[in-house]
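The primary structure of each chain is shown beneath.
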Amino acid sequence: MAIENKSTVAYVGTDAVAEAMRQINPDVVAAYPITPQTAIVETFSTMAANGLVDTEMVNVESEHSAMSATIGASASGSRAMTCTSSQGLGLMWETLYIASGLRLPIVMPNVNRALSAPINIHCDHSDSMGARDSGWIQLFSENAQEAYDNTIQAIKIAENSNVYLPVMVLLDGFIISHAIERMELLEDNKVKDFVGEVNTPYSLLDPNNPVTVGSFDGLYGYYFEFKKQQEEAMKNSFSVIKEVGEDFGKLSGRSYEFFETEYMEDAEFGFLVLGSAAGTVRHHVKCLRENGIPAGMIKLRTYRPFPGKELVEATSHLKALAVMDRSDTFAGGMGGPVFMDLRSAYYDYDKKPLMTNYIYGLGGRDLSVELVQQATEEMQDIVRNGEVKQTVNYLGLKE
Amino acid sequence: MSTRLKDLSKKDEILKGGHRLCAGCGASIAVRQILKGLPDDVELVVSNPTGCLEVSTTIYPYTSWNCSYIHSAFENVASTLSGVESAYRSLKKQGKTDKDYRFVVFAGDGGTYDIGFQALSGALERNHRMVYVCYNNEAYMNTGIQRSGATLKGAWTTTSPHGEESYGKAENRKDLTSIVAAHDIPYVAQASISNWRDAVKKAQKAFEADGPAFINILSPCHRGWRYPMEQTVEVAKKAVETCAWPLYEVENGEYNLTGKVKEKKPVEEYLKMQGRFAHLFKKEENKEVLDSIQQYIDEKWERIKYLAGEE
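Residues numbered from 1 in each chain as written. Chains lettered and ligands numbered in written order. Predicted model: local features only at pLDDT ≥ 70, side-chain atom pairs only at ≥ 80, totals over all residues. Heavy atoms only, no water.

Enquirer: Before we go on, may I ask you to explain the interface of chain B and chain A in this structure?
Expert: Think of interface size as the accessible area that goes away when the parts come together; that is how it is often given. Between chain B and chain A, the residue contacts involve 42 residues of the former and 38 residues of the latter. For the chain B and chain A pair, buried surface summed over both sides reaches about 3300 Å², with 58% attributable to carbon and sulfur atoms. Between Lys93(B) and Glu56(A) there is a salt bridge; the shortest N-O distance is 3.5 Å. Taken together, chain B and chain A are joined by 21 residue pairs in polar contact (both at pLDDT 80 or more). Elements with a minimum of two residues in the side of chain B that touches chain A: β1 (43-48), α3 (52-57), β2 (68-71), α4 (77-93), β3 (101-108) and α6 (117-125) of chain B. In terms of residue count, the dominant contributor to the side of chain B that touches chain A is α4(B) (11 residues). For the side of chain B that touches chain A, the class distribution of residues is 18 nonpolar, 15 polar and 9 charged. The pairing of strand β9 (residues 212-213) of chain A with β2(B) spans 2 bridges and is parallel. In the strand pairing of β2(B), Val213(A) is matched with Ile70(B). (Contact = heavy atoms within 4.5 Å. Buried area = accessible area lost by both parts, 1.4 Å probe. Salt bridge = Lys/Arg side-chain N within 4 Å of Asp/Glu carboxyl O. Polar contact = N/O pair within 3.5 Å; in protein donor to acceptor, adjacent residues only side chain to side chain. Helix = DSSP H or I, 4+ residues; strand = E, 2+ residues; numbered from the N terminus. Nonpolar A, V, L, I, M, F, W, Y, C, P; charged D, E, K, R; others polar. Pairing = 2+ DSSP bridges.)

Have a look at this one:
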């Protein structure tokens, strides 16, 4: 369908996110600067300083306080956002669980960056993967357009009354955050209508309904039940993420699902990848297809909740599958987090491809087409020989 | 506003009965006195960090708080309430609420002097309108009497035990009230649960302050301080009489002594009431420690008098 009045702009990823935040117009943004997220806070602060939003900016003294203030604001019935990266997300760790445990629909873009030590400012997914079990929905983005689109959708997913869970929008540090791209913006009023009025599960500022939030579960023991409810909410979010993705498609012409497939129907081997590396892998797979090589790929967008069943259905016909992880689990040879999750999802199925794991790009190491080609040749060997020689591989390590 | 007992007794209690604080606990007295200073016809949000007060008043599915309440974690009460207060300002600016709200923290000394200090300093610097009350019992009582930055020198705690090589806590406490005053916020005070009228007056001023206000209120803990539970108020009173806990306020930068001490008593009278200092009186060599405690108390007292222009 024709989408009218779209405007095409050249934005870096941080501007794309800040623009989405301006259009969402949150009531409170509490944030702390950290590379490479800083530009989001700076740009949004300028918007607030110019009166373009109704937002109260809270320039806190740490990321721990950023998430804490965002929790307080969201519990007060306001639409509250923050954003972070790397060490900042690490410092928030304790409060991430509180945000999800209190069922607060907070939205937080996280610009993916490696974790210390050694200190490294460049991209990998170690930060957000460390938060994968914190009860947050995680949506990965391939480029600035998706970071913008995901941020808008995240509000609607988080505030769905069957969900009420916080949502993290992930974008690769520097590769997306600081690279200029062509992208399309929606009109302000369309975003406003799409996200609608704020919807939180309760409010501290409702004088007729005082609430005690974050109480002590010390004597009667309901903690287990609360945690089960969080898991139920995460399950509920599958259908909500799907519906919101479809609705967003009607609005923008860009619909979203848990993952995107390329050439998968008749592929013999495939790659599963998250984030900006999808562009490189897609390009390479396209070249392979032009040469008659039956490769395919899946770009995973929704990492939490993990669409295990759907991924299995989309890949079980393959002879070989390479899972690309931009972080490690240090589990002693078990591979990266996505690999471990997908392998686990496959346990209940008889029909499964031979699986390998490629850990790549840690601390900003570039994923070149040559490296994808190297992985491709190994995948072709696996298909040919019917066996995996090495399950976990580190792609692009210096000799 | 009145501080007549007759008027105050007619005010609703916001902290209701049925909580599980110990009999003789100073914290609940502190909370009730401070909330007697709340203006009429305002709405209230209370926040606690993790601590005795929190775990004793919010045992799910019950609550003792007859107002909105939030607990998030241990070190972040000031930033959590910063978010609540910011949401209120945002909603008020947008015309989404017309209520008059006050925001108050009740935090122990651990959550204030130590782990919560950074968040407190940040919130004060950002000028959030909130009343931060430290109910100070000079140790981590919720986890079983461990030393904090508020623990007086010489005190026994489980992490500053006395023994062959130790007389208890070796360091003087942090003067947090002065550190908070250095943030140049509108209202800072030290209070004691033994001086209820003084505490209520200070709370009234704190709730009226157009910006952050801080009250450090001495709230003895009989479990940690080792005295009979019915003596909580007496012990607090002795702290004031010996100037171990001077009562004063800093109103827009002006120091003012509020608890006049006619005749300053030796600090030993205060220490002797408490088992946590009993070891100091058993060994002759600990006389030096007692002297150094007295010296510390004297220096602080002289400084406060000087700042208040009462030399």
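Enquirer: Would you explain the sheet that holds strand β7 (residues 187-192) of chain B in this entry?
Expert: In a beta sheet, neighbouring strands pair by backbone hydrogen bonds and run either parallel or antiparallel. Spatially, the 9 strands line up as an open sheet ordered β9(A)-β2(B)-β1(B)-β3(B)-β4(B)-β8(B)-β7(B)-β9(B)-β10(B), and their pairing is mixed. Strands with a single pairing partner mark the edges of an open sheet, and in this sheet they are β9 of chain A together with β10 (254-257) of chain B. As paired strands, β1(B) and β3(B) are joined by 5 bridges and run parallel to one another. Residue pairing across strands places Val46(B) opposite Val104(B), the latter belonging to β3(B).

Enquirer: What am I meant to see in the pattern of salt bridges here?
Expert: One side chain can pair with another of opposite charge once the charged atoms of both are near each other. Per the counting criterion, the structure on display carries 47 salt bridges over all chains. A salt bridge links Lys11(B) to Asp40(B); its shortest N-O distance comes to 3.4 Å. Remark: Asp40(B) occurs in the loop between α2 (26-35) and β1 and Lys11(B) occurs in the loop between α1 (5-8) and α2; sequence separation between them is 29 residues. We classify Asp40(B) as exposed; its relative accessible area is 57%. When the shortest N-O distance is used, the salt bridge between Lys238(B) and Glu241(B) registers 3.7 Å. Taken together, the residues span about one helical turn, with Lys238(B) and Glu241(B) both in helix α10 (residues 232-241) at a distance of 3 residues. Here the residues in one salt-bridge network are Glu142(A), Glu146(A), Glu260(A), Glu262(A), Arg282(A) and Lys299(A), joined through shared partners. (Buried < 20%, exposed > 50% of the residue type's maximum accessible area, 1.4 Å probe, protein only.)

Enquirer: Please explain a nonpolar patch on the surface as it appears in this structure.
Expert: Residues Leu219(A), Tyr220(A), Tyr222(A), Phe226(A) and Tyr62(B) make up a contiguous nonpolar surface patch of roughly 500 Å² in combined accessible area. Summarising the element assignment, Tyr62(B) is placed in the loop between α3 and β2. The exposure class assigned to Tyr62(B) is partly exposed, which follows from its relative accessible area of 49%. (Patch = residues over 30% accessible without salt bridge, like charges linked within 9 Å, V, L, I, M, F, W, Y side chains within 5 Å. Areas by Shrake-Rupley, 256 points an atom, 1.4 Å probe, with all protein chains shown as cover.)

Enquirer: What is the right way to read the side chain of Thr151(A) from this model?
Expert: Residues and elements named next belong to chain A. Examined against the element boundaries, Thr151 turns out to sit in helix α6 (residues 144-158). For Thr151, a relative accessible area of 0% translates into the label buried. Reaching out from Thr151, the side chain makes a polar contact with the backbone oxygen of Ala147 at a distance of 2.6 Å. Here Thr151 is in contact with Val17, Ala20, Ile24, Met81, Val107, Pro109 and Val169, once residues within four sequence places are set aside.

Enquirer: Help me understand the sheet that holds strand β10 (residues 259-262) of chain A, please; the structure alone is not making it clear to me.
Expert: All names here are of chain A. A sheet is described by the order of its strands in space; here 6 strands give the open sequence β10-β12-β11-β14-β15-β16, paired in mixed fashion. Edge strands, defined here as strands with exactly one partner in the open sheet, are β10 and β16 (392-395). Ignoring strand direction, the axes of neighbouring strands in this sheet form an average angle of 20 degrees. Taken together, the 6 bridges between strand β14 (residues 320-325) and strand β15 (residues 354-360) define a ladder with parallel strand orientation. Its bridge partner being in β15, Val323 is matched across the sheet by Asn357. (Axes fitted to C-alpha atoms, helices over the stretch in contact; angles between N-to-C directions.)

Enquirer: Help me understand helix α8 (residues 223-252) of chain A, please; the structure alone is not making it clear to me.
Expert: Because each turn of an α-helix spans 3.6 residues, side chains separated by three or four positions end up pointing in the same direction. Residues and elements named next belong to chain A. Over its 30 residues, α8 extends 41 Å from the first C-alpha to the last, a length consistent with the 44 Å expected when each residue adds 1.5 Å. Residue Ser237 marks the point of greatest curvature in α8, where the axis turns by about 30 degrees. On its buried face, α8 is in contact with α4 (86-101), β6 (137-140), α6, α7 (188-195) and β13 (302-304). Backbone geometry just downstream of α8 places Gly253 in the positive-phi region, at approximately 85 degrees. (Expected span 1.5 Å × (residues − 1). Bend = angle between axes of the 7 residues up to and from the residue.)

Enquirer: I tried to follow unusual backbone geometry on my own but got confused; where do I start?
Expert: Pro36(A) follows Thr35(A) through a cis peptide bond whose omega is 0 degrees. Looking at the secondary structure, you find Pro36(A) in the loop between β2 (28-31) and α2 (38-49). Going from Ser116(A) to Ala117(A), the amide bond is cis rather than trans, its omega being 0 degrees. Phi is positive for Ile145(B), which is not a glycine, with a value near 70 degrees. Turning to its location among the elements, Ile145(B) is positioned in the loop between β4 (131-136) and β5 (162-163). Residue class for Ile145(B) comes out buried when judged on its relative accessible area of 8%.

Enquirer: I would appreciate a short explanation of the nonpolar core in the present structure.
Expert: Generally speaking, a soluble globular protein has its nonpolar side chains buried in company with each other. Within the largest apolar cluster, 203 residues are counted, with the highest numbers of intra-cluster contacts made by Ile152(A), Leu342(A), Trp65(B), Phe106(B), Ile217(B) and Tyr270(B). It is α6(A) that contributes the most residues to this core, 8 residues altogether. Ignoring anything within four residues of it in the chain, the contact list for Ile217(B) reads Ala30(B), Gln33(B), Ile34(B), Val133(B), Cys134(B), Tyr135(B), Asn136(B), Ala191(B), Ser192(B), Ile193(B) and Ala199(B). Within the second largest apolar cluster, 22 residues are counted, among which are Phe269(A), Met324(A), Tyr358(A) and Val372(A). (Core = buried A, V, L, I, M, F, W, Y, C linked by side-chain atoms within 4.5 Å.)

Enquirer: Help me understand the environment of Gln229(A) in this model?
Expert: With respect to the helices and strands, Gln229(A) occurs in helix α8. Considering only alpha carbons, one finds Gln229(A) and Val338(A), 109 residues apart in sequence, at a separation of 24 Å.

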